[in-house]
Structures are given as C-alpha cells and as structure tokens.
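Letter by letter, the chains look like this.
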Amino acid sequence: MKLGVCYYPEHWPRSDWPEDARLMRAAGLTHVRIGEFAWSRLEPRPGAYDWAWLDTAIEVLSAAGLEVTLGTPTATPPKWLIDAYPDILPLDAHGNPRKFGSRRHYCFSSKTYRAETARIVEALARRYGAHPGVTMWQTDNEYGHHGSDESFSADAVAAFRVWLENRYTDIHALNEAWGTVFWSQEYNAFGEIDPPAATVTEANPSHRLDWRRFCSDQMCSYNQLQVDIIRRHSPGRPVTHNFIGDFYRLDHRDISRSLDIATWDSYPIGLLSESQAPRDLKARWLRAGDPDFAAFNHDVFRACAPRWAVMEQQPGPVNWATYNAAPAPGMVRVWTWEAFAHGADFVSYFRWRQAPFAQEQMHAGLLAPDRAPQPVLEEIRQVGREMERVAGMAQDRAEIAILIDYPSLWQHEIQPQGNRRGPLEPSRAAYAACRRLGRNVDIVFSDTKLDGYKVVIVPSVPVITQEMEAHLTSSGALVLATALTGSRTPEGRIPETLAPGRLRRAFDVRVEQLETLPDFVPVDVQVGEEVLRAERWRETITTGSEVLGRFADGKPAWVRNGRLYYAAFWPGESLMTELVGRLCDAAGLARRDVGPDLRLRRAGGIQFAFNYGPGRQDLCRIGAPRSADAYLIGSADLAPFDIAAWPCKAGTG
Ligand code: GAL
C-alpha cells in the first residue's frame, strides 16, 4: 500500500522542483510518475536528446525519497516528427488524418512509428534503465483513448490483410466464416479486403468482430515492442501500462500478459457523468461516483496481472465530462481505501499541481495553480496515517465469479440488440448485484479455471469458446447465464445448434427466437406466486430442464438443469440482484442487502465498509460490531462518504 502522484516537472520552473518534492513527501507520498508526455523536451530536434532536465528531475525527486515511475513519451509524438513522417498520423474511417495538436495522434500499425517508438524507448531505457531512482516503467499512456484504438491508414490496411491471412489461411475459409455470400460481399483474395468502415449501411458483423480483434492485437504487439526494449535495459524493474476504466476496445487480459503490473486510471465522477446511468442515480452519486464503478475496474485489473494498482486517481473536478462536480469531502479517501481493500499496490493521484495553461487547465490537482494546497491533501495524509492500522490485509479468492470476455463485449457493440447502455451493461449489472448483496467478487476470463467457486455468473456472454464450456461444465459451481449467452460463434455467426451454442446440451435449452423490447414495456416472469420484472430481451426457448418461472404467456423463462440456471431474459440490475441472491441461498452463501450506497469488501481478515451515499449508515444492521474499540478505522456509525474497517474471520463475507 503506497501513495503516489503524477507530476510534470517540464511544466514548472526548475526552482520549484525541490519544494514540490518536499511537499509530496510531507503529504505521505512515496511514488511519483513522470515523463509520459515529454517527448518534445526529451528530443527537441531530430536526434538531439536533452536529458539534462530529466536527470535533474529524477535526482531531485529521488533525493527527497520518492520512487520514480518513468513513462515512455510515445502518446505524444512531437511536431517535427509528424512533419517528417506524416504516415504516423492515424486516419479516420473516411481516410482523413487525425491531426497534430492534442495527443494520441499515431497509428498503432504505422511502420514508421514503430521504428520511431523503438528509437525513443531504446534511448530512454538505455539512459535510465539502471538508474537507482527509477523503480518502475510505464509504457505510453492509455492505449486506445480518444478513439485511437483504430486507424484506417495504408499500413493498418496492409497489416489487417496479413492478420486475416494468418487467421484464415485460405480466402474461402474467410468467406465461409463471415458469410460473405450475403449481399455479394465475396472476396477472391486477402489483398481485396478493407477495414469495415464508411460503408453505406452496416458492415458485415464478422468482419467488424475480426477488425476489433485485429485492433486489440495491434495495441498488444505495439506494447510488446516497448516492453521488450525496457526489459533489455532495465531488467528486474516492473513494467506497467495505465489502462482506461470501463474501456472494452482493448483485451486487457491479453495485453497484461506482457506486463508485471496492470494499472488503471480511476475517474469515478467524470465517468458517471458520461455513463448511460439514469438521471436519478447521476444525481444521487454526483459527488461520489457510482459505488461499483471503481470496484468493478479494480477487480478486472486484479484479474489481469499478478499485481495491479491505480495510476491516476481523480482528486477533484475534471475538465472533460459533461458535468464536472467536485468530489464530496472525504470521497478521495474512500476511493483510495476501496482500491487498497481490493489489493492495489499503490494509488497515485492525477495530478500534483493544476496547470494554469493548455487543455487541462480546469482539471484539479492536489495543489491549486498558484501552488496552494487543496483540502484533499489532508484526506491523503489521513490515509497515510491509517495505513499502519490495517497491516495484514490479504486478498482471498472470492466465492462468486463473473465471466468477462472481450470478443463478447465487441459482439455486443456490433449487434447491440436493444442493449442501449453499452457492451459492459450486463457485466456491470452482475457486479452491482453481488456488491449489493455484500459479497466479494472475482472477475474471471476465458482461461480461468473455475474450481472452488460456488457461484459463477455468465452475464449475457455471446461468444462461448470450447475452453469456457469446459471450465463452466466442470466447475461444480452454480452457474447463472442470462439471455444471449452462447448466441455467437467466435466468428460472430449463430451457432449451428442455436443459442446457447456450446452450452446448449448442458443447459438443455434451445433458443428459438430473441425479441428486443422497449424498456418501458416490462417483461414479467411468474415464479410460483411471485411476479419478477425483467426487461428488454425475451427469448423463446424449448427446454427439457426444470422450469422455475414462466413468461405471462406461459412459455418457459427461468430454468434449471442441475446446477446450471438459464434466464431467457435480461433481468436488469434489480432482478439480477434477486436471482444472484437466490443462487447464493442455494449455494449456502450468506447475503444481506446493503442498500444502494453502502458497499463492503473483505480483504483477508479485515472487513471494510464504504459509504457512497449522503446518509449515515448503522453498520450493526449488517452484523458489524457495536463497540468503538472493535474498529481499526471508523465506527459502527458510518458518516456519509466515510469508511470503516474492523477485523473479521478470514474466509467469510
Ligand atoms: C487521463 C489521462 C491523463 C489526463 C487525465 C485527466 O485519461 O491519462 O493524462 O488527461 O485523464 O482526467
């Protein structure tokens, strides 16, 4: 558990650096990330490197006792480089360049840019690879941000064709897989195929699915290029990349195989503003963020790599959302503790001092533009003091797992079928349901063995591979799958056996038809005397399984074959909570409705409670101790935007 900050020495006079470093240490910070956008200062002219300022910055920061994470500057190729090699620029879907003047203006497939990347990373890693002050490396900054995951340049088109040829070998196999006979889309050679863009109407969905795979793979191989160079010059020092929260265009599991630490950038209020959440929830959590947003992403990145952390934590209002509210006093501390409770190695705040110039001048820092400390610094100091009290925190395996699969998220994006809240909606709803029931959750991917889990949720995961089928059917867990699960092959076709595809036999379900309905038309499911309210997706199924619930017209809706449960509808978040609760009961897992604002997390022998809401919470209601002496942090009377922690029996919760 360490605290850090993102710092841009190149933005400030050198005379400020020693005092900045001293103030950081005084605030309890021990880590500082620098350098990730500094190319124009590191190499002001072609081949003319200027290391002096960075040498000094690292010396000053290290001398103050700060460990330095050094970022490679490749998210911002300088103007002279772009002018010399305009083929670095990404092209949009209509073939127009996305121009210089902001950031991420490069194409992952550009051969020139890969060579230039290798050159600058090599120079940087050679110079600082063995520097005792540099203890970690960050590659680039937020791959894929601002729509930079895709580019339609000549190099990208050529690379896509090679990628397709490697995948299919034979053009007939591609035609067959994509169903190109439809609308006369057949190809005679791989060299004829363009990216699926700028078409008159919808492009072929299998073509689009492979394009998503290709774009993700390009980000992975680009990252690998950097990692290999860094490892050569800086052996033994961890390499990370700072990913984006709730981002699904990059297969984070795949890319993290090349990293030692997966880190991500947590902006709970900014992301709530931009989300599809209903207005009442946007108002309720205006200054706290969605209580499950950060936790969900923590658990995604925890599952991606052996270690994980928060590289950028929102410290105040951001500048880029539709609304940019300030966090409630106390919230930055709550977010920090939520991250540690999920096992974060460190939490690093973005940024040290608010810049009075350029694009992010309205983005808060820990210091105001005039260098006055913001009140949030006191919250951070408080976390630093509290950290000693929770020594012995550990991460145990949860008893509930949620399956996430990136090709399935792409499939949702390509054919949303009435899912208007985005590809992550089913996973986020399943996650919120488990948290609402007070449970820890693990995110699992297609290659995760599921032995030992008691409940596994498959939240509308269309692409069920052979590996997933094997893990799900052999796990011994109660499995809950919702509509659309197994509805596509990896190529994006309807399976020969119809949905749920590979799981058809295990569930003894065959989906005859899917309807997508408006969300103002409820989809009722009768279970005994009770009516459960589903929404939007309704499947007509034939089944030999036990029917637990029926649609209003008597057709089977909620069925069970042994330990496998299938919901032929989209439950929405509240019915999802109800169904997961029933599975918890059947699996013998304790559950309690903690309400909309309270969230729990058990970390080894320590139980945490977080209050994301504006009202006080009496923790005795969820079985927490009454006596103030029993608490490591806080008390049973939990104030708004506050946390409490107390010892608990490991393995419970
Ligand atoms: C992140 C980015 C940072 C900064 C921040 C502002 O996405 O990595 O460089 O722009 O947003 O909130």
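Residues numbered from 1 in each chain as written. Predicted model: local features only at pLDDT ≥ 70, side-chain atom pairs only at ≥ 80, totals over all residues. Heavy atoms only, no water.

**A look at the overall build of the protein chain**
- Secondary structure summary: the protein chain contains 19 helices and 24 strands in total.
- Taken over C-alpha atoms, the radius of gyration comes to 25 Å for the protein chain, in line with the 26 Å a tight globule of 653 residues would show.
- Overall, the C-alpha framework of the protein chain stretches about 75 × 75 × 40 Å when taken along its three principal axes.
- Every one of the 653 residues in the protein chain was classed for burial, and the buried ones make up 58%.
- Taking all contacts inside the protein chain whose residues are at least 6 apart in sequence as the whole, residues at least 24 apart take part in 71%.
- Within the structure as shown, the protein chain displays about 24500 Å² of accessible surface, and the carbon and sulfur contribution to it stands at 51%.
- Treating the 73 positive side-chain charges of the protein chain as one cloud and the 81 negative ones as another, the clouds have centres 3 Å apart. (Helix = DSSP H or I, 4+ residues; strand = E, 2+ residues; numbered from the N terminus. Rg over C-alpha atoms; globule rule 2.2 N^0.38 Å. Buried < 20%, exposed > 50% of the residue type's maximum accessible area, 1.4 Å probe, protein only. Contact = heavy atoms within 4.5 Å. Areas by Shrake-Rupley, 256 points an atom, 1.4 Å probe, with all protein chains shown as cover. Lys, Arg positive; Asp, Glu negative; His and termini not counted. Charge placed at Lys NZ, Arg CZ, Asp CG, Glu CD.)

**Focus on the side chain of Arg428**
- Residue placement: Arg428 occurs in helix α16 (residues 425-436).
- A polar side-chain atom of Arg428 sits 3.0 Å from a polar atom in the side chain of Asp290.
- For Arg428, the residues in contact, after removing those within four places along its chain, are Asp246, Asp290, Asp292, Phe293 and Phe296. (Polar contact = N/O pair within 3.5 Å; in protein donor to acceptor, adjacent residues only side chain to side chain.)

**Section: the domain arrangement of the protein chain**
- Domain assignment breaks the protein chain into domain 1 (1-234), domain 2 (400-587) and domain 3 (598-647).
- If you average the C-alpha positions of domain 1 and of domain 2, the two centres end up 36 Å apart.
- Counting residues at the interface gives 13 residues for domain 1 and 10 residues for domain 2.
- Interface of domain 1 and domain 2: buried area, both sides summed, is about 1100 Å²; carbon and sulfur atoms make up 53% of it.
- The largest per-residue losses of area from domain 1 upon contact with domain 2 belong to Leu209, Arg212 and Arg213, which jointly make up 46% of the total buried on that side.
- Across the domain 1-domain 2 interface, the total number found is 1 salt bridge. (Domains from an automatic or database assignment. Buried area = accessible area lost by both parts, 1.4 Å probe. Salt bridge = Lys/Arg side-chain N within 4 Å of Asp/Glu carboxyl O.)

**Concerning the pairing of strand β5 (residues 239-244)**
- In terms of burial, β5 is a largely internal element, 6 of the 6 residues being buried.
- Burial of the side chains of β5 extends over both faces: Val239, His241 and Phe243 are buried on one face and Thr240, Asn242 and Ile244 on the other.
- One ladder, built from 2 bridges, connects strand β4 (residues 134-138) with β5; its direction is parallel. Residue pairing in the sheet places Trp137 in a bridge with Val239 of β5. (Pairing = 2+ DSSP bridges.)

**Quick word on the site of the ligand**
- Taken together, Phe37, Arg103, Asn141, Glu142, His145, Asp265, Tyr267, Glu312, Trp320, Phe350, Glu360 and His363 make up all the residues around the ligand.
- One of the side-chain nitrogen or oxygen atoms of Arg103 is found 2.8 Å away from an oxygen atom of the ligand.
- At a separation of 2.9 Å, an oxygen atom of the ligand approaches a polar side-chain atom of Asn141.
- Coverage of the ligand by the protein amounts to 97% of the 310 Å² it exposes when considered alone.
- A per-class count over the shell around the ligand returns 4 nonpolar, 3 polar and 5 charged. (Near = heavy atom within 4 Å. Nonpolar A, V, L, I, M, F, W, Y, C, P; charged D, E, K, R; others polar.)

**Brief notes about a nonpolar patch on the surface**
- Taken together, the side chains of Val181, Phe182 and Trp183 make up a nonpolar region of the molecular surface, amounting to roughly 400 Å² of accessible area.
- Tracing the backbone shows Trp183 in the loop between α7 (171-178) and α8 (205-233). (Patch = residues over 30% accessible without salt bridge, like charges linked within 9 Å, V, L, I, M, F, W, Y side chains within 5 Å.)

**Description of the pattern of salt bridges**
- This structure, assessed with the given rule, holds 56 salt bridges.
- A salt bridge links Asp20 to Arg371; the nearest nitrogen and oxygen atoms lie 3.2 Å apart. One end of the pair, Asp20, is in helix α1 (residues 17-26); the other, Arg371, is in the loop between β8 (346-349) and α14 (376-387), and 351 residues separate them in sequence.
- Residue Asp20 is classed as buried on the basis of its relative accessible area, which comes to 0%.
- Across the pair Lys454 and Glu399 runs a salt bridge, and its minimum N-O distance is 3.1 Å.

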